[in-house]
Each structure stands twice: as C-alpha cells, then as structure tokens.
Amino acid sequence: MFGLNGKIVRHHFTGVYGKVVQIRELVEVLDQVFDSFHKVNTISRTMLGPRKSSAKKLDRLK
C-alpha cells in the first residue's frame, strides 16, 4: 500500500496553493484586459459622437 508522510503531503499542498495563486493572477490580468477594452470602447464612442439615424435603420435591417 502507499503511505503518506508529512513531506509528501506538504509538497502536494504547496503545489496546489501555487496553482491557485497562478489562477488568481490570471483572473486579475483578464479582468484588467476586459476593463481596458471597455475603456477603449467608451472612448471611441465619445470620439465618434452619436450614431446617425441612417446607421440605426441599417442595423434594424440586418
């Protein structure tokens, strides 16, 4: 049978903790990327101004 000792268990949980930290960092980076996309979208909309009624009509036809 397979025996567990403290060193193996600690090594396992250290590895799991490291992966959790990496995933948390990845989620933070993805959150920053989506925030950046949202800011760029908002800036571009304010730069372009309101949409013309002809563009709205074309969107309805699609």
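Residues numbered from 1 in each chain as written. Predicted model: local features only at pLDDT ≥ 70, side-chain atom pairs only at ≥ 80, totals over all residues. Heavy atoms only, no water.

### Side note on the overall build of the protein chain
Then comes step 1: If you tally the helices and strands in the protein chain, you get two helices and zero strands.
Then comes step 2: Across the 62 residues of the protein chain, 0% fall into the buried class.
Then comes step 3: For the protein chain, the exposed area adds up to about 6400 Å²; of that, 66% sits on carbon and sulfur atoms. (Helix = DSSP H or I, 4+ residues; strand = E, 2+ residues; numbered from the N terminus. Buried < 20%, exposed > 50% of the residue type's maximum accessible area, 1.4 Å probe, protein only. Areas by Shrake-Rupley, 256 points an atom, 1.4 Å probe, with all protein chains shown as cover.)

### Focus on helix α1 (residues 6–48)
Then comes step 1: Taking 1.5 Å of rise per residue, 43 residues should cover 63 Å, and α1 covers 63 Å from first to last C-alpha, within 8% of that figure.
Then comes step 2: Phi turns positive one or two residues past the end of α1, at Gly-49, with a value near 85°. (Expected span 1.5 Å × (residues − 1).)

### Re a negative patch on the surface
Then comes step 1: Together, Glu-25, Glu-28, Asp-31 and Asp-35 make up a region of like negative charge exposed at the surface.
Then comes step 2: Within the secondary structure layout, Asp-31 lies in helix α1. (Patch = residues over 30% accessible without salt bridge, like charges linked within 9 Å, V, L, I, M, F, W, Y side chains within 5 Å. Salt bridge = Lys/Arg side-chain N within 4 Å of Asp/Glu carboxyl O. Lys, Arg positive; Asp, Glu negative; His and termini not counted. Charge placed at Lys NZ, Arg CZ, Asp CG, Glu CD.)

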